[in-house]
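Observations on chain architecture
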Amino acid sequence: MLDDLIKKIKELIAKVRQEKLSLKAKIIIAVLAIVCLVGGGTTAYLVFDYTQNNPKFCVSCHLMNDAYAKWENSVHKNINCHECHHLSIEEMNGLMYSFIVHRPTELPDRHGKVIVPWKYCVQCHWEESEDDEYKDAPKINGSKIHANHYFTQQIQCTKCHGYKAHLFKPEPRFCVMCHEDKEVHSEGMGGLNCLNCHTDTEDNLLPDRDKCLFCHGNEKQRQALLDEERAEVEFCATPEGYGNSKIKIKITEKSPMQFMCYQCHHPHDQGRPDWKNCTDCHARESDIGMHHGHIKDYGATCSDCHKPHEWSVTKNNQKVICSQCHEYRSPANFLK
C-alpha cells in the first residue's frame with residue numbers, strides 16, 4: 001500500500017514537470033509546499049512534545065487523575081513523566097488498546113511490580129550522577145538499608161518507593177507488606193514507623209543502644225544523639241512520642257551490661273523479656289553459689305534479685321532486695 005502511494009506521488013511530480021508552468025505558478029507551488037512541510041512538521045513536533053513531555057497528557061485518561069494529583073504534590077513534581085516512565089511503542093499501543101476496548105475503571109495493584117526499573121532511579125539517586133539538575137536528590141550508595149535490599153537482595157526500588165501511585169516516601173509500616181511475621185508488640189510501640197528503630201546506624205539494621213535510648217533514655221542522652229546527627233530525621237520519633245514513653249531506664253557507661261538491647265529484648269516476639277533468656281549467656285549460673293538454692297529450690301527468677309538495667313547486688317541495695325523475701329538481718333551481727 002505504501003509502495004503504491006509513493007508510485008502515485010512520483011507520477012504526479014513527473015506530470016507537473018511536463019507541464020509548462022509560469023514562474024508565478026511555480027513560486028506559488030513552492031510556497032505552498034514549504035507551508036505544508038513546515039506546518040506539518042511543526043504540528044507533528046508539537047503533538048509529539050505534548051504526548052512525551054507534558055504531564056497533562058497523562059490525565060487524558062481519567063484513571064490517572066489521582067496519580068497526577070499525587071505527583072503534583074510529591075518530591076518529583078518537577079520531573080517529567082517520561083524521565084521515569086519509559087514505554088516502548090508496543091506498550092503504548094497496548095495501553096491505548098486497553099483504554100479503548102476494555103475501559104478499565106481502576107488501576108491494578110502495583111505492589112511488587114516494576115513500574116520504573118531501578119536503572120532510571122539511580123541516574124539521580126547515586127553519588128556519581130552527572131545530572132546537575134537533580135544534584136540534591138538523596139543518594140543511596142551510602143545507605144546500609146539500600147545495600148541490603150537493593151544490592152544484596154536485588155529488590156526493585158518501586159517495591160518500597162511507589163508501590164502506591166507516586167507515593168515515594170514509604171508509609172510508616174510499609175515493611176510488613178513483605179515482613180509479614182514482624183509485627184511489633186502493642187506495648188507502646190505498635191504504631192511506630194518501622195524505620196523508627198531500623199536505620200542505617202548499624203550494618204545489620206538492628207537498633208543499637210543509642211537508638212533505644214533516644215526514646216527510653218533521658219533528655220541529656222537524646223540531645224547528645226541529636227548533636228551527633230545519629231537520629232534519623234525522617235523517621236525519628238516525635239517529641240510527643242518519646243516524651244510519653246512509659247519506660248525510662250537509667251543506663252550509663254558504668255552500667256554492668258554494655259551490650260545491645262536486642263540481646264534481651266525481642267519486640268517482635270514479646271513485650272518484655274521473660275528472664276529465662278538470661279541463661280542464654282549465664283548457662284551455668286544456676287549451679288553456682290546462692291543461685292542454686294534460690295532458683296532450683298525456691299523457683300526464684302533472675303529479676304527477683306537482679307533489677308533490670310542495674311543487675312548487681314551490692315552492699316547498697318542488698319537490704320532492699322533480700323528483705324523482699326527474708327527478714328532483714330544485718331551482716332554485722334554475724335561478723336566476729
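Since we're looking at a predicted model, the values are computed, not measured. (Residues numbered from 1 in each chain as written. Predicted model: local features only at pLDDT ≥ 70, side-chain atom pairs only at ≥ 80, totals over all residues. Heavy atoms only, no water.)

1. Regarding the overall build of the protein chain
Helix and strand counts for the protein chain stand at 13 helices and 0 strands. For the protein chain, the succession of helices and strands along the chain, N to C, is α-α-α-α-α-α-α-α-α-α-α-α-α. Nonlocal contacts in the protein chain, meaning residues at least 24 apart in sequence, comprise 55% of its contacts between residues at least 6 apart. Looking at the protein chain as shown, the accessible area adds up to about 25,200 Å², and 58% of this sits on carbon and sulfur atoms. (Helix = DSSP H or I, 4+ residues; strand = E, 2+ residues; numbered from the N terminus. Contact = heavy atoms within 4.5 Å. Areas by Shrake-Rupley, 256 points an atom, 1.4 Å probe, with all protein chains shown as cover.)

2. Quick notes on helix α3 (residues 65-72)
Here α3 has its buried residues at Ala67, Tyr68 and Trp71. The buried residues of α3 occupy one face: seen down the axis, they fall within an arc of 100°. (Buried < 20%, exposed > 50% of the residue type's maximum accessible area, 1.4 Å probe, protein only. Arc of directions from axis to C-beta.)

3. What to know about a nonpolar patch on the surface
Taken together, Leu23, Ile27, Val31 and Val35 make up a surface patch of nonpolar side chains, about 390 Å² in accessible area. Residue placement: Ile27 occurs in helix α2 (residues 23-53). (Patch = residues over 30% accessible without salt bridge, like charges linked within 9 Å, V, L, I, M, F, W, Y side chains within 5 Å. Salt bridge = Lys/Arg side-chain N within 4 Å of Asp/Glu carboxyl O.)

4. Things to note about the packing of aromatic side chains
Using the criterion set out here, one finds 4 aromatic pairs in the structure. Judged by centre distance (5.4 Å) and plane angle (40°), the ring pair of Tyr68 and Trp71 falls under tilted. With Tyr68 and Trp71 both in helix α3, this residue pair falls 3 residues apart, about one helical turn. Tyr68 gets classed as buried once you look at its relative accessible area, which sits at 15%. (Phe/Tyr/Trp six-rings, centres within 6.5 Å; stacked < 30°, edge-to-face > 60°.)

5. Quick notes on helix α7 (residues 144-152)
Residue Ser143 occupies the N-cap position of α7, its side-chain oxygen lying 3.4 Å from the main-chain nitrogen of Ile145. Trailing α7 by a residue or two, Gln154 shows a phi angle of about 55°, which is positive. (Polar contact = N/O pair within 3.5 Å; in protein donor to acceptor, adjacent residues only side chain to side chain.)

6. What about the pattern of salt bridges?
Evaluation of the coordinates by the stated rule reveals 1 salt bridge. Among the salt bridges present, the one from Lys70 reaches Asp66, with a minimum N-O distance of 3.3 Å. Of this pair, Lys70 and Asp66 both sit in helix α3, 4 residues apart, which is roughly one turn of that helix.

7. Side note on the packing of helix α8 (residues 209-216) against helix α9 (residues 219-227)
Relative to each other, α8 and α9 sit at 130°, their axes nearing to 8 Å. As summarised for this structure, α8 and α9 are arranged oblique, according to the angle between their axes. Relative to α9, the crossing made by α8 is left-handed. Together, Asp210, Leu213, Phe214 and Cys215 of α8 and Gln221, Arg222, Leu225 and Leu226 of α9 make up the contact between the two elements. When the residues that make up the contact of α8 with α9 are grouped by side-chain class, the tally is 5 nonpolar, 1 polar and 2 charged. (Axes fitted to C-alpha atoms, helices over the stretch in contact; angles between N-to-C directions. Parallel < 35°, antiparallel > 145°, perpendicular 65-115°, else oblique. Left-handed = near helix turned anticlockwise from the far one by under 90°. Nonpolar A, V, L, I, M, F, W, Y, C, P; charged D, E, K, R; others polar.)

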